[in-house]
Amino acid sequence: IQLVCVPKKQEYKKWLGSNGWALRLHGVNKETTFTGLVHNGQFTKFFEDWENDDLIGVLYDPLMETMSYYRNGKYLGTPFKNVKGELYICVENCHL
């Protein structure tokens, strides 16, 4: 599962982390298990200790052009900078 902010022009049939800013909370596929950040198709480790019933917060600051994340009200960090444009927040189920 990913929380993703995508630009207004999202290419059809592309996974959302391929051109957005994503926080992957849980992801399992044939090759790997990955939690962390995804931007432009690039994966980066970030926070891995997610638990059931966690409350996830996303703060997009268009003036500072940053995106920050929170877990149960506690600040985790501001990993994305230079975040611009008209964005839409989505939830993507990566692997069914």
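You'll find the structure just up there.
Residues numbered from 1 in each chain as written. Predicted model: local features only at pLDDT ≥ 70, side-chain atom pairs only at ≥ 80, totals over all residues. Heavy atoms only, no water.

Student: Describe the nonpolar core, listing the residues and the values that go with them.
Tutor: Within the largest apolar cluster, 12 residues are counted, these being Cys-5, Trp-21, Leu-23, Leu-25, Leu-37, Phe-47, Trp-50, Met-67, Tyr-69, Phe-80, Val-83 and Leu-87. Mapped by element, the contributors of at least two residues to this core are strand S2 (21-24) and strand S6 (66-71). When residues no more than four places from it in sequence are discounted, the contact partners of Phe-80 are Trp-21, Ala-22, Leu-37, Val-38, His-39, Glu-65, Thr-66, Met-67 and Tyr-69. (Core = buried A, V, L, I, M, F, W, Y, C linked by side-chain atoms within 4.5 Å. Buried < 20%, exposed > 50% of the residue type's maximum accessible area, 1.4 Å probe, protein only. Helix = DSSP H or I, 4+ residues; strand = E, 2+ residues; numbered from the N terminus. Contact = heavy atoms within 4.5 Å.)

Student: Could you give an account of unusual backbone geometry, with specific residues and numbers?
Tutor: Phi at Glu-65 takes a positive value of approximately 60 degrees, unusual for a residue other than glycine. Residue position: Glu-65 is located in the loop between strand S5 (56-61) and S6. Phi is positive for Asn-72, which is not a glycine, with a value near 50 degrees. By the element assignment, Asn-72 lies in the loop between S6 and strand S7 (74-81).

Student: Residues and numbers for the pattern of salt bridges, please.
Tutor: The tally for this structure, following the rule as stated, stands at two salt bridges. As a salt-bridge pair, Glu-51 and Arg-71 come within 3.7 Å of each other at their nearest N and O atoms. Taken together, the residues Glu-51 in the loop between strand S4 (42-44) and S5 and Arg-71 in strand S6 connect sequence positions 20 residues apart. Accessibility expressed as a relative area gives 55% for Glu-51, which makes it exposed. Residue Asp-54 is joined to Arg-71 by a salt bridge in which the shortest nitrogen-to-oxygen separation is 2.9 Å. Residue Asp-54 is located in the loop between S4 and S5, and its partner Arg-71 is located in strand S6; the two are separated by 17 residues in the primary sequence. (Salt bridge = Lys/Arg side-chain N within 4 Å of Asp/Glu carboxyl O.)

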